[in-house]
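Chain by chain, the residues:
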Amino acid sequence: MNVLVSFEIKFKTNRERLIGILKHFAFKRIQENLYFGDIDYDELFMMQTDIMGNIREYDSIIMIPICKSCYDKTNTFGRNLSFVEDLYRIF
């Protein structure tokens, strides 16, 4: 299942903790506070449990599931999205 995660987190340490959880579940950054991932239901439940254990009352997180049909209709305008974490350097 494709999922968008958007968040507004006040403190840097809490934000870094959430980003670590998202990266652990292979979510990729689209914009500063917007991540995208393809995850199954069991992993989604585990990720939600991890996130709920780390959020504070002043944090705001929204997860938006996107069905395959809707995802296939996605349009991108402006710069092409590339996920930096997917790029490798050879030295």
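Computed from a prediction, not measured in an experiment: that's the story for all the values here. (Residues numbered from 1 in each chain as written. Predicted model: local features only at pLDDT ≥ 70, side-chain atom pairs only at ≥ 80, totals over all residues. Heavy atoms only, no water.)

(A) Region of interest: the confidence of the model for the protein. Chain-level statistics for the protein give a pLDDT mean of 86 and a share of 88% at 70 or above. Confidence, expressed as mean pLDDT per element, reaches its minimum in the protein at helix H3 (residues 68-72) with 85 and its maximum at strand S1 (residues 2-8) with 95. Confidence drops under a pLDDT of 50 for residues 87-91, and excluding neighbours within four residues, the segment shows zero contacts in the predicted structure. (pLDDT = per-residue confidence, 0-100. Helix = DSSP H or I, 4+ residues; strand = E, 2+ residues; numbered from the N terminus. Contact = heavy atoms within 4.5 Å.)

(B) Representation of unusual backbone geometry within the structure. One non-glycine residue, Ala26, lies in the positive phi region at around 65°. Considering the arrangement of structural elements, one finds Ala26 in the loop between helix H1 (12-24) and strand S2 (28-31). Given a relative accessible area of 47%, Ala26 falls into the partly exposed group. (Buried < 20%, exposed > 50% of the residue type's maximum accessible area, 1.4 Å probe, protein only.)

(C) Just the pairing of S1, in detail. For S1 and strand S3 (residues 34-38), the ladder comprises five bridges, and the chain directions are antiparallel. The residue bridging Leu4 from the neighbouring strand is Phe36, located in S3. Pairing geometry for S1 and strand S4 (residues 60-66), over seven bridges, is antiparallel. Bridged to Val3 within S4 is Pro65. (Pairing = 2+ DSSP bridges.)

(D) Local environment of the packing of H1 against helix H2 (residues 41-52). Orientation of H1 relative to H2, taken along the N-to-C sense of each, is 170°, at an axis distance of 10 Å. Relative to H2, H1 is oriented roughly antiparallel. Between H1 and H2, the contacting residues are Leu18, Ile21 and Leu22 on the first element and Met47, Asp50 and Ile51 on the second. Considering only residue class, the contact of H1 with H2 consists of five nonpolar, no polar and one charged. (Axes fitted to C-alpha atoms, helices over the stretch in contact; angles between N-to-C directions. Parallel < 35°, antiparallel > 145°, perpendicular 65-115°, else oblique. Nonpolar A, V, L, I, M, F, W, Y, C, P; charged D, E, K, R; others polar.)

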